[in-house]
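These are the residues of each chain, in order.
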Amino acid sequence: MTVPSWIAEDIYIDICSGAMIESRPEFMRMLSDVKNGKITQVVTKSVSRFGRNAEEIVVAFRAIKEAGADIYFHEQDLSSRRADCELYVSIFGACTQEDNRQHSENIKWGINKRVNDGSSAIYNRPCYGYRANEEKKIEIVPDEAAVVREIYSLYIKGLSVVKIKQYLESMSVLSPTGKSTWSKHTIESILTNKKYIGNSVAYQTYREGYPYPKTIVNRGQRAKIEVSEHHVPIIPMEIFEAVQKIRQERTNIVRDEEGRAHRKTKKYSAAKVDGTIQLVEEE
């Protein structure tokens, strides 16, 4: 078809498309302009620019049409004024989805290859106590490393994670995110992170599911890859192993073969029931 002459009113560019239209700010701004009568015609390079998969593309197509504008896809020379346009959009969308899936698999293959041969940048991701230098290798941050050593020392001396949290806050030690308060999860992560003994582990988490991948904590669902003596340690191996043993002894949580958490023993507290003091199982 012959493309008519249009006056460009605005340009809308989302850096990346999200699973939902609401997560695409420029797309939402365009819809608002359509509803307000600012624009009546949307021109886009290709159907593939509308989303990552067939469903997302059709939803975006319908949203613009319902808002009151027509759409022209330049690469396909396709106008929404055609009665069969949505059918063609869905077909092109399905092709786009398959192309994206194959592209995603190729990227995963490349990542896995670099992880397995030890060249992946994953191994050099810094955590609290380390930073990336100019060569993108991790090196120790002395002040933070001292805090890490103190956390391990306090735990071995018998302090709980809660008590360590209170101690750090009382000493005005800032958290890894620069806050005056520490989370228990942050301290627990420090106490279990093998990076502090000089090892770097890949696939502690992984992403699964297409086209809407989710980050999953790896609790044995897939193999982890560990590189020993990767960088200078902050914590000696014997101290790290002692902390893991203490953690195992203290924990009241065990996981079954499917990774589900259960209490190892039940905790009870004293409570008055029918006028008498009885032991009541805590929730």
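Our structure is the block above this text.
Please read all numbers here as calculations on a predicted model, not as lab measurements.

(A) A look at the overall build of the protein chain. When you go through the protein chain residue by residue, the secondary structure sums to seven helices and 13 strands. Residues classed as buried in the protein chain amount to 31% of the 283 residues present. Long-range contacts, defined here as pairs at least 24 residues apart, represent 54% of the contacts in the protein chain between residues at least 6 apart. About 18,500 Å² of surface is accessible on the protein chain, with carbon and sulfur atoms providing 52% of the total.

(B) Here's a closer look at the sheet that holds strand β2 (residues 70-73). Strand order in the open sheet formed by three strands is β1-β2-β3, with mixed pairing between adjacent strands. In the strand order of this sheet, the two ends are held by β1 (41-44) and β3 (78-79), each with one partner. Sheet topology places β1 next to β2; four bridges connect them, and they run parallel. Looking at β2, one finds that Val43 is bridged to Tyr72.

(C) View of the pattern of salt bridges. This model, assessed by the stated rule, comprises 13 salt bridges. Across the pair Asp70 and Lys65 runs a salt bridge whose closest N-O atoms are separated by 3.1 Å. By relative accessible area, which is 32% here, Lys65 ends up partly exposed. One salt bridge in this structure joins Arg82 and Asp84, with 3.1 Å as the shortest N-O distance. The partly exposed category is assigned to Asp84, whose relative accessible area is 27%. Ionic contacts of the salt-bridge type, sharing partners, join the residues Asp10, Glu26, Arg29, Asp33 and Lys38 into one network.

The rules behind each value
Residues numbered from 1 in each chain as written. Predicted model: local features only at pLDDT ≥ 70, side-chain atom pairs only at ≥ 80, totals over all residues. Heavy atoms only, no water. Helix = DSSP H or I, 4+ residues; strand = E, 2+ residues; numbered from the N terminus. Buried < 20%, exposed > 50% of the residue type's maximum accessible area, 1.4 Å probe, protein only. Contact = heavy atoms within 4.5 Å. Areas by Shrake-Rupley, 256 points an atom, 1.4 Å probe, with all protein chains shown as cover. Pairing = 2+ DSSP bridges. Salt bridge = Lys/Arg side-chain N within 4 Å of Asp/Glu carboxyl O.

Purely geometric stuff here, so don't read any function into it on its own.
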